[in-house]
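Fold and geometry: a report
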Amino acid sequence: SMQCFPGLVLALSSLLGALALLQLSLHLRVPSRYGKHEERLCRPRGRLPARCAWFLQELPSFLVPALLLALRSPPRLEPLGCRLLCCLFCWHYFYRTFIYPFFTRGRPFPLQLLFFGMLFCIYNGFLQGYYLIYCAEYPNDWCTDIRFTSGLLLFLLGMGINIHSDLLLRQLRKPGEVTYKIPQGGLFTYVSGANYFGEIVEWFGFAIATWSLPALAFAFFTLCCIGPRAYHHHRYYLKTFTDYPKSRKALIPFVF
Ligand code: NDX
């Protein structure tokens, strides 16, 4: 049966960090081509409805750690640590896989990116699940540790912001509509990438709560992946809407 290989965790986490840097260097100038940054004319084919695409893409991030957790033998009996933290990760991806896609009003998603997105979700789902289920060890009173409590709080806060902001974005469109409008309300009052801000806070909270290298690498990846995207969204809005609120920042309220 499986066991913990610390070397494997270190290698996979480092590769994730390297992917983050690659992602950052590729997407600082040119955003990844989906949603409002897709070049209209090229490749009208090779897309899947947003609903199927997000479902398929995110499913492995739920399934892989959930299976690792279910199939672990002998089951791990530690009171809290690994199990609860692994459940937090699965909880987010349960939402992202089984709830978010069914309400989205997004445009069809490019198959090529879907493929890479799925690979990424398998990789990261395995790394986070494997680490928490086979390697992580926490003292019995971890649930009262300041790292756990503050991290959990940030995680929940970020998730709340992310879900609320995605809801506000969805309500900008009637079913079947594909136009872009100026997001209003919630944290969109302060930043163009309110949903991204929430997601980033969420995964840094997770990194603090788990106090682990794999989770830190994933938080860093999230920052490098959707941080630049928030900036490109912001530029798109400024270019498209002359009445775009001047005080609004790209990603971090009042700062950037
Ligand atoms: N999926 C994370 N890299 C990604 C998919 C693409 O969950 O090859 C990363 C994720 C993947 C990426 C994933 C990893 C890296 C990949 C990349 C593709 C290439 C890249 C694989 C896995 C790659 C290397 C080099 C490393 C190999 O029509 P529409 O779709 O624009 O409609 C939108 C709508 N909307 C509006 N409607 C009306 N008016 C407006 N003004 C509107 N603005 C937006 O709202 C959508 O329906 C919806 C949300 O749009 P948007 O653009 O704000 O968010 P979106 O980017 O679609 O993300 C949706 C949610 C969001 O909550 C975000 O936080 C989360 O997913 N997310 C997204 C990406 C990554 C991620 C989280 C993470 O890293 N944790």
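Because the structure is predicted, anything quoted here is derived from the model rather than measured. (Residues numbered from 1 in each chain as written. Predicted model: local features only at pLDDT ≥ 70, side-chain atom pairs only at ≥ 80, totals over all residues. Heavy atoms only, no water.)

Re the state of the cysteines
A covalent bond between the sulfur atoms of two cysteines is what we call a disulfide. According to the stated counting rule, one finds one disulfide in the structure shown. One disulfide bridge connects cysteine 4 with cysteine 135, the sulfur atoms lying 2.1 Å from each other. Looking down the S-S bond of the cysteine 4 and cysteine 135 bridge, the torsion is 105°, so its handedness is right-handed. You can see cysteine 4 sitting in the segment before helix 1 (6-27) and its partner cysteine 135 sitting in helix 4 (residues 111-135), a full 131 residues away along the chain. In this structure cysteine 225 is a free cysteine whose sulfur lies 8.6 Å from that of cysteine 224, the closest cysteine sulfur available. Residue cysteine 225 is classed as partly exposed on the basis of its relative accessible area of 24%. (Disulfide = S-S within 2.5 Å. Helix = DSSP H or I, 4+ residues; strand = E, 2+ residues; numbered from the N terminus. Buried < 20%, exposed > 50% of the residue type's maximum accessible area, 1.4 Å probe, protein only.)

Thoughts on the pattern of salt bridges
Where charged atoms from two side chains of opposite charge come close, those side chains can pair. All told, the structure shown has five salt bridges when counted by the stated rule. We note a salt bridge from arginine 47 to glutamate 38, for which the minimum N-O separation is 3.3 Å. Residue classification places glutamate 38 among the buried positions, given a relative accessible area of 5%. For the salt bridge of arginine 147 with aspartate 145, the shortest nitrogen-to-oxygen distance reads 2.8 Å. Given a relative accessible area of 18%, aspartate 145 falls into the buried group. Each of the salt bridges in this network shares a partner with another, and the network as a whole consists of Arg96, Asp166 and Glu199. (Salt bridge = Lys/Arg side-chain N within 4 Å of Asp/Glu carboxyl O.)

Here's the deal with the site of the ligand
Surveying the vicinity of the ligand reveals 38 residues, the closest of which are Tyr34, Arg107, Asp166, Tyr180 and Tyr196. Elements supplying a minimum of two residues to the shell around the ligand: helix 1, helix 2 (50-71), helix 3 (81-103), helix 4, helix 5 (146-170), helix 6 (194-210) and helix 7 (213-240). For the shell around the ligand, the class distribution of residues is 18 nonpolar, 11 polar and nine charged. (Near = heavy atom within 4 Å. Nonpolar A, V, L, I, M, F, W, Y, C, P; charged D, E, K, R; others polar.)

Some words on the packing of helix 2 against helix 4
In contact at an axis separation of 8 Å, helix 2 and helix 4 are set at 20° when each is read in the N-to-C sense. With respect to each other, helix 2 and helix 4 are oriented roughly parallel. Handedness of the helix 2/helix 4 crossing: right-handed. Side by side, helix 2 and helix 4 meet where Ala53, Leu56, Gln57, Glu58, Pro60, Ser61, Val64, Pro65, Leu68 and Leu69 of the first sit next to Leu113, Leu114, Gly117, Met118, Cys121, Ile122, Gly125, Phe126, Gly129, Tyr130, Ile133 and Tyr134 of the second. Looking at side-chain class alone, the contact of helix 2 with helix 4 contains 16 nonpolar, five polar and one charged residues. (Axes fitted to C-alpha atoms, helices over the stretch in contact; angles between N-to-C directions. Parallel < 35°, antiparallel > 145°, perpendicular 65-115°, else oblique. Left-handed = near helix turned anticlockwise from the far one by under 90°. Contact = heavy atoms within 4.5 Å.)

Take it as geometry only, folks, not as evidence of what the structure does.
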